[in-house]
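Observations on chain architecture
Below are the chains, spelled out letter by letter.
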Amino acid sequence: MSHSRLRRLPSWQALQQHAAVIGEKHLRELFADDPQRGEAFALEEVGLYLDYSKQRVDSDTLRLLRELAAACDLPGHTEAMFGGERINTTENRAVLHVALRAPAGEQILVDGHDVVADVHAVLDRMAAFADRVRSGSWLGHSGKRIRNVVSIGIGGSDLGPVMAYEALRDYSAREMTFRFVSNVDGTDFVEATRDLDAAETLFIVCSKTFTTLETLSNAQAARAWCLDALGDEKAIAKHFVAVSTNADEVAKFGIDTAHMFGFWDWVGGRYSMESAIGLSTMLAIGPERFREMLAGFHAMDEHFRHAPYERNLPVLMGLLAIWNNNFLDAASVAVLPYEQYLKRFPAYLQQLTMESNGKSVTLDGTAVDYATGPIYWGEPGTNGQHSFYQLIHQGTRIVPCDFIGFGQSLNPLPVRGGGDQHDLLMANLIAQGEALAFGKSAEQVRAEGTPEALVPHRTFSGNRPSSTILAERLTPHALGTLIALYEHSVFVQGVIWGIDSFDQWGVELGKQLAKTTIAELTATDEPTLAHDSSTNRLIRRYRQLRDG
Ligand code: F6P
């Protein structure tokens, strides 16, 4: 059987041969061969410093990867995205999250219509609303000011808002409480609301489609909770707003569309946190800070679109991901922020990366004959060090790591005797990359007087790749650049693999089967089941356990 077009490309084949050469080289050797490597394989753009010298690459690798990008017409695909072409072909949609952060006055046309003007009209409405709530002039039904905001949504309508709220908490209105409800598990809603006063609580129901089971169930629960406490249908108007592309469904649910903030089908769920889906973020940090975040996104968009590939952060990150995934056979990427405020960043990236690039057919429907999206996962440092880093250092699998850190802490905490806890944190970040790359040889271990039986256990092979991203300080702007960096890196990978990074058909089957199963679980009489023997038995056993 002949290989796919991608695998037949000269640059792909050259990379395969080159991988055999690099495979023989240890990072120790690469560093020894080039004493300037730490400077040469690093760059700083739009406030982000990227050190990729601890990746298992040399300048030939990078040249070949750039050739691969050219052979896959990355520039053409990039322009198609920025130009509003319908590059999400399976849904026949444009992909224009970049328009969400384009400055007012810029023009991006979709079917002849300027969407940037629409974006700014919604941003202005959001800002006016956020100002009213934050200043206390938007009052609840009984005249109390809003002190609690509960955002209800799931997937792209939740992960971005939660991540951004946590990331930018230092800038948030501390007198207000923000909660997020996503899971259809009733515990999520009950725990999020149990200590809240309904008279002071605003619900934001976020759903692009406004048909999502989890979100609508939780929104119904919120409505009942609110009515129960406030005893008046009229209260809904003061305590519920919606964010959606689907005005009809919002109205059907009973939320006045005057209290709806819209977005558009050219915004993918996982690319929507800077649209009205970010209303909770704006309520937390205020419109000005929100706009700073948008400016950060936009700065990275411009950089991605215009910087030469040698100095293009998302292109480099995307190509390095291809290299590790397809040529060094690394199946996952660990994202390790050494910044507590980024604790939900790995979870956010899981949807961004895996819902985008977890595909096994190309745009024309042909099965791929190469690995696509790696598994993204992670935890904030230093917590991960005391948990799963063991495997990253000494396990049999190669796990490329992205370390993320900042020069300045938002919460400096002096250490007795001098220094700050932030230095301890960052020393750990820097040391981990060094340990992964260079390891510790058996000779070094022996030289420390280690008993021979323990030498193999205490040896570190090293040669484990990582990148380090540093920025000055976690600001709304820096967060925007960081997210856009990953978004465009995901895009680069999708273009090389020739897949549709903007659909998510893989989530449909489970949703569809759940509908049948819900009917079977809730049937009053024992249902007739026609699944496989395992599923039939699980349904029966669940019903027995539930009914006692
Ligand atoms: O199930 C996957 C998904 O469609 C995601 O892509 C999306 O972010 C999420 O569900 C929520 O969808 P909605 O915003 O329409 O409720």
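As annotated in an unreviewed UniProt entry, the chain carries the name Glucose-6-phosphate isomerase and is attributed to Rhodanobacter ginsengisoli. The UniProt entry for the chain carries this comment under Function (unreviewed entry): "Catalyzes the reversible isomerization of glucose-6-phosphate to fructose-6-phosphate." Its UniProt record gives the chain the following Sequence similarities (unreviewed entry) comment, quoted word for word: "Belongs to the GPI family."

Attention now goes to the overall build of the chain. Along the backbone of the chain there are 23 helices and 13 strands. With respect to the three principal axes, the spread of C-alpha positions in the chain is 75 × 65 × 60 Å. In the chain, which comprises 548 residues, the proportion classed as buried is 53%. Of the roughly 23,800 Å² of accessible surface on the chain, a fraction of 52% belongs to carbon and sulfur atoms. Averaged over its 50 positive side-chain charges, the chain has a centre that lies 4 Å from the centre of its 68 negative ones.

Attention now moves to the pattern of salt bridges. Inspection of every chain in the model, using the stated rule, returns 30 salt bridges. Among the ionic pairs, Arg101 bridges to Glu274, the shortest N-O distance being 2.4 Å. Placement of the pair is Arg101 in the loop between α6 (74-82) and β3 (109-110) and Glu274 in the loop between β9 (260-262) and α13 (279-285), with a sequence separation of 173 residues. Glu200 is paired through a salt bridge with Arg147; the nearest N and O atoms lie 3.6 Å apart. You can see Glu200 sitting in the loop between α9 (186-193) and β7 (201-206) and its partner Arg147 sitting in the loop between α7 (115-135) and β5 (148-152), a full 53 residues away along the chain. One continuous salt-bridge network, built from bridges that share partners, spans Arg101, Glu274, Asp301 and Glu487.

This brings us to the packing of α6 against helix α14 (residues 287-306). Taken N-terminus to C-terminus, the directions of α6 and α14 make an angle of 140 degrees; their axes are 10 Å apart at the nearest point. Counted together, Thr78, Glu79, Met81 and Phe82 of α6 and Asp301, Phe304 and Arg305 of α14 form the full contact between these two elements. Taken together, the residues of the contact of α6 with α14 break down into 3 nonpolar, 1 polar and 3 charged.

What follows concerns the layout of surface pockets. Roughly 1,100 Å³ of internal volume is contained in the largest pocket. Residue lining of the largest pocket: 41 residues in total, with Thr209, Thr212, Val507, Glu508 and Lys511 positioned closest to the centre. Mapped onto the lining of the largest pocket, the elements with two or more residues apiece are α10 (213-230), α16 (345-357) and α22 (508-522). At 7 residues, α22 tops the list of elements feeding residues into the lining of the largest pocket. When grouped by side-chain class, the residues that make up the lining of the largest pocket number 14 nonpolar, 17 polar and 10 charged. Taken together, 15 residues make up the lining of the second largest pocket; nearest its centre are Gln340, Ser409, Asn411, His422 and Leu425. Considering only residue class, the lining of the second largest pocket consists of 5 nonpolar, 8 polar and 2 charged.

Definitions and cut-offs
- Residues numbered from 1 in each chain as written.
- Predicted model: local features only at pLDDT ≥ 70, side-chain atom pairs only at ≥ 80, totals over all residues.
- Heavy atoms only, no water.
- UniProt positions renumbered as here; feature names shortened; annotations may be inferred.
- Helix = DSSP H or I, 4+ residues; strand = E, 2+ residues; numbered from the N terminus.
- Buried < 20%, exposed > 50% of the residue type's maximum accessible area, 1.4 Å probe, protein only.
- Areas by Shrake-Rupley, 256 points an atom, 1.4 Å probe, with all protein chains shown as cover.
- Lys, Arg positive; Asp, Glu negative; His and termini not counted.
- Charge placed at Lys NZ, Arg CZ, Asp CG, Glu CD.
- Salt bridge = Lys/Arg side-chain N within 4 Å of Asp/Glu carboxyl O.
- Axes fitted to C-alpha atoms, helices over the stretch in contact; angles between N-to-C directions.
- Contact = heavy atoms within 4.5 Å.
- Nonpolar A, V, L, I, M, F, W, Y, C, P; charged D, E, K, R; others polar.
- 1 Å grid on protein atoms, 1.4 Å probe; cavity = no way out; pocket = protein on both sides within 12 Å on 5 of 7 lines; lining within 4 Å.
- Points joined across faces, edges and corners; volume = space filled by probe spheres on them.

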